[in-house]
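Chain and residue survey
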Amino acid sequence: MRTAHAIGIVLVVIVGGLVACGGDRISREVGARCDRTADCADRCLTSSGDYPDGFCTIDCTDLRECPDDSECVAREGGVCLMFCRENADCEFLGPSWVCREEDLRGGTGKVGVCLGS
Amino acid sequence: MSRLVIVAILACSAGLAAAEETTVVEDTDASGTIADEIGDQGIGAAVGIAAGGRVTPGGLRIAGDYLYQLSSEDWFDGTASFTFGGGGAACYRDRMDLVVCNHGFTDGGAIEITAGVRRMFASQGKYRPFARAGVGVAIVRFGDDDVSGLAFPLHLGGGVRVAVDPRVAVVAQGEVVAGFGRFNRGLGWEPQLGFALTAGAEFRLP
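What this report covers is the structure whose coordinates are included nearby.

What follows is about the overall build of chain A. If you tally the helices and strands in chain A, you get one helix and six strands. When the helices and strands of chain A are read in sequence order from the N terminus, they spell out α-β-β-β-β-β-β. Burial analysis of chain A (117 residues in total) assigns 42% to the buried set. By sequence separation, contacts in chain A at least 24 residues apart represent 41% of the contacts at least 6 residues apart. Carbon and sulfur atoms form 51% of the exposed surface of chain A, whose accessible area is close to 6,200 Å².

What follows is the structure, given as structure tokens:
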């Protein structure tokens, strides 16, 4: 019986550890580096001044279609880009990324998103 | 030298088990020794689920076992298992250009051979608990990402065995898996971490 309890505890620790390992702002959906569509879940914005080293994104018509931490902006026909308030919020994408204001898609007003400088 | 010792242990175990078996025939159900119940050799099959994540495969688990008695409480437990998972592409390049794979709990596939030892404990009524430890070598594959690797997982677990017939037992077991694997696509060495729950039947060999 003691052995069964020990096994149960180990299983709980393992499962908890696996679940806890999930958090990262960059994903195959939004944020990963890319050269081609196959590198991404949906679409690759190939490397340019606006997207240094390429940027995986998904098409959107509304904020609700974008993952957490990203906004649907009126660029490239509507894409999800990383939300930001200041340049420091974009540093995780690389040194060439800054926070810029863009028009929201599917809404009114502007929002800060990370783009190449 | 060590090989001689192992051969001697196996020979002694086999001889001991054979000797025990001859006495068991006369009192099969008289709460005999563990060896009486299990026999010196057995085979089994089990099915269940394996859960992994990242580059540890998970999904439907089908396994076959071979048991060989080593001592009055311990059996060699050799296992061949197949894991059939689903999932699509889940690898990408992070901003540092390092490949990261974030597969789900039941993604990927694997073929594994494991060598281990199963220790049987005293029965509690019809139920005989056991603990198991082993080391395996596995070919792991995540097809949609074209990621393959060779993994070396350690297995630690336990379960319970219920004899339903002098030659047949039902077995349920759970195990945790931890180790490392070497993968292509620039992933290199990656940790392996998961667990599996299976149930099946074991058959005593004559």
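Back to the text.
Before going further, it helps to examine the overall build of chain B. If you tally the helices and strands in chain B, you get two helices and ten strands. Along its sequence from the N terminus, chain B presents helices and strands in the succession α-α-β-β-β-β-β-β-β-β-β-β. Intrachain contacts of chain B at a sequence separation of at least 6 include 60% that bridge at least 24 residues. Entry remark: accessible area of chain B is about 9,900 Å², with carbon and sulfur atoms responsible for 68%.

Once that is clear, we can look at the pairing of strand S4 (residues 79–82) of chain A. Residues and elements named next belong to chain A. Going residue by residue along S4, you find Val 79 and Leu 81 tucked away on one face and Cys 80 and Met 82 tucked away on the opposite face as well. Sheet analysis places strand S3 (residues 70–73) next to S4, joined by four bridges and oriented antiparallel. Across the sheet, residue Val 73 finds its bridge partner in S4, namely Val 79. Counting the residues that bridge the hairpin from S3 to S4 gives five residues, and of these Glu 76 lies at a positive phi of roughly 50°.

Take the state of the cysteines next. All names here are of chain A. Within the structure shown, the criterion is met by seven disulfides over all chains. The residue that forms a disulfide with Cys 60 is Cys 72, at a sulfur-sulfur distance of 2.1 Å. Between Cys 60 and Cys 72 the sulfur-sulfur dihedral comes to about 100°; the bridge is accordingly right-handed. Of this pair, Cys 60 sits in the loop between strand S2 (55–57) and S3 while Cys 72 is found in strand S3, placing the two residues twelve residues apart along the sequence. Residue Cys 60 shares its accessibility class with Cys 72, and that shared class is buried. The partner cysteine of Cys 90 in its disulfide is Cys 114, sulfur to sulfur 2.1 Å. Its S-S torsion of about -85° marks the bond between Cys 90 and Cys 114 as left-handed, since a negative value means left-handed. Remark: Cys 114 occurs in strand S6 (residues 110–116) and Cys 90 occurs in the loop between S4 and strand S5 (97–103); sequence separation between them is 24 residues. Per residue, the accessibility class of Cys 90 equals that of Cys 114, and both read buried.

Time to look at the sheet that holds strand S3 (residues 74–84) of chain B. Pairing is antiparallel around the closed barrel formed by eight strands, whose spatial order is S1-S2-S3-S6-S7-S8-S9-S10 (chain B). For this sheet, the mean inter-axis angle between neighbouring strands, taken without regard to orientation, is 25°.

Let us now look at the nonpolar core. Of all hydrophobic cores here, the largest spans 22 residues; its most connected members are Tyr51(A), Phe55(A), Leu81(A), Trp97(A) and Cys114(A). Looking at this core, the elements with two or more residues in it are S3, S4, S5 and S6 of chain A. When neighbours within four sequence positions are excluded, Tyr51(A) is seen to be in contact with Leu45(A), Thr46(A), Arg75(A), Glu76(A), Leu81(A), Trp97(A) and Leu115(A). With twelve residues, the next largest nonpolar core counts Cys91(B), Ala110(B), Phe183(B) and Leu187(B) among its residues.

Further remarks concern the side chain of Thr79(B). All names here are of chain B. Position of Thr 79 among the secondary structure elements: in strand S3. Engagement of the side chain of Thr 79 in a polar contact is seen with the side chain of Asp 65, the distance being 2.8 Å. Each residue touching Thr 79, except ones within four places of it in the same chain, is listed here: Ala 63, Gly 64, Asp 65, Glu 112, Ile 113, Thr 114 and Arg 132.

Procedures and definitions
Residues numbered from 1 in each chain as written. Chains lettered and ligands numbered in written order. Predicted model: local features only at pLDDT ≥ 70, side-chain atom pairs only at ≥ 80, totals over all residues. Heavy atoms only, no water. Helix = DSSP H or I, 4+ residues; strand = E, 2+ residues; numbered from the N terminus. Buried < 20%, exposed > 50% of the residue type's maximum accessible area, 1.4 Å probe, protein only. Contact = heavy atoms within 4.5 Å. Areas by Shrake-Rupley, 256 points an atom, 1.4 Å probe, with all protein chains shown as cover. Pairing = 2+ DSSP bridges. Disulfide = S-S within 2.5 Å. Axes fitted to C-alpha atoms, helices over the stretch in contact; angles between N-to-C directions. Core = buried A, V, L, I, M, F, W, Y, C linked by side-chain atoms within 4.5 Å. Polar contact = N/O pair within 3.5 Å; in protein donor to acceptor, adjacent residues only side chain to side chain.

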